[in-house]
Amino acid sequence: MVIAVIAGILIGVLGAVPLFVASKKVRKISATSSMDMLAPFLITMAISFIVLICGMIVCRVAFPEMAKFFTIAEFAAFVISVFLFGISVSKRM
């Protein structure tokens, strides 16, 4: 169970990494083109969800009895890392 939780935390944080990358790319785009700002976030949100869902599927296939613990840890790590990133960005502004 501990290994499933640790793996879930790692995959959850890994799922948030594309959002951090998109945030840095959006800062380079001019403020007048809103569609250019929206596209990177939509693409990286899709990539983040693909990473999270693939992690859940692999855990469910490999270790079905640990899938619940993995999923809860993954979701919590993803939400907390995105939340902390949002706080750090708002503090910089």
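Located above this text is the structure these notes cover.
Residues numbered from 1 in each chain as written. Predicted model: local features only at pLDDT ≥ 70, side-chain atom pairs only at ≥ 80, totals over all residues. Heavy atoms only, no water.

Caption draft 1: Seen up close, the overall build of the protein. Assigned secondary structure in the protein consists of three helices and zero strands. Ordering the α and β elements of the protein from the N terminus gives α-α-α. In terms of overall dimensions, the protein has a C-alpha envelope of 50 × 25 × 10 Å along the principal axes. When the 93 residues of the protein are sorted by exposure, 26% land in the buried category. Put simply, 67% of the contacts in the protein that link residues at least 6 apart link residues at least 24 apart. Summed over its atoms, the accessible surface of the protein is roughly 6,400 Å², and 81% of this surface lies on carbon and sulfur atoms. (Helix = DSSP H or I, 4+ residues; strand = E, 2+ residues; numbered from the N terminus. Buried < 20%, exposed > 50% of the residue type's maximum accessible area, 1.4 Å probe, protein only. Contact = heavy atoms within 4.5 Å. Areas by Shrake-Rupley, 256 points an atom, 1.4 Å probe, with all protein chains shown as cover.)

Caption draft 2: Just the side chain of Ser81, in detail. Positionally, Ser81 belongs in helix 3 (residues 67-92). Judged by its relative accessible area of 14%, Ser81 falls in the buried class. With sequence-adjacent residues up to four places away left out, Ser81 is seen in contact with Gly12, Val13, Ala16 and Phe20.

Caption draft 3: Up close: the packing of aromatic side chains. In the structure shown here, the tally under the stated rule is two aromatic pairs. Ring centres of Phe20 and Phe85 lie 4.4 Å apart, and the angle between their planes is 45°; this geometry places the pair in the tilted category. Linking Phe20 in helix 1 (residues 2-26) with Phe85 in helix 3, this pair joins segments that are 65 residues apart in sequence. Look at Phe49 and Phe78: their rings are 6.4 Å apart centre to centre, the planes differ by 50°, and that puts the pair in the tilted class. Of the two residues, Phe49 sits in helix 2 (residues 34-62) while Phe78 sits in helix 3, which places them 29 residues apart along the sequence. According to the relative accessible area criterion, Phe49 is partly exposed, its value standing at 43%. The class for Phe78 is buried, based on a relative accessible area of 11%. (Phe/Tyr/Trp six-rings, centres within 6.5 Å; stacked < 30°, edge-to-face > 60°.)

Caption draft 4: Layout of helix 1. With 25 residues, helix 1 extends 37 Å from end C-alpha to end C-alpha; this agrees with the ideal 36 Å at 1.5 Å per step. Listed as buried for helix 1 are Ala4, Gly8, Gly12, Gly15, Ala16, Pro18, Leu19, Ala22, Ser23 and Val26. (Expected span 1.5 Å × (residues − 1).)

Caption draft 5: View of the side chain of Thr44. Relative to the helices and strands, Thr44 resides in helix 2. Engagement of the side chain of Thr44 in a polar contact is seen with the backbone oxygen of Phe41, the distance being 3.1 Å. (Polar contact = N/O pair within 3.5 Å; in protein donor to acceptor, adjacent residues only side chain to side chain.)

Caption draft 6: Inspection of the environment of Ile6 at higher detail. Mapped onto the fold, Ile6 is located in helix 1. Looking at Ile6, the relative accessible area reads 47%, which means it is partly exposed. The spacing of Ile6 and Phe70 is 64 residues in sequence and 8.0 Å in space, taken between C-alpha atoms.

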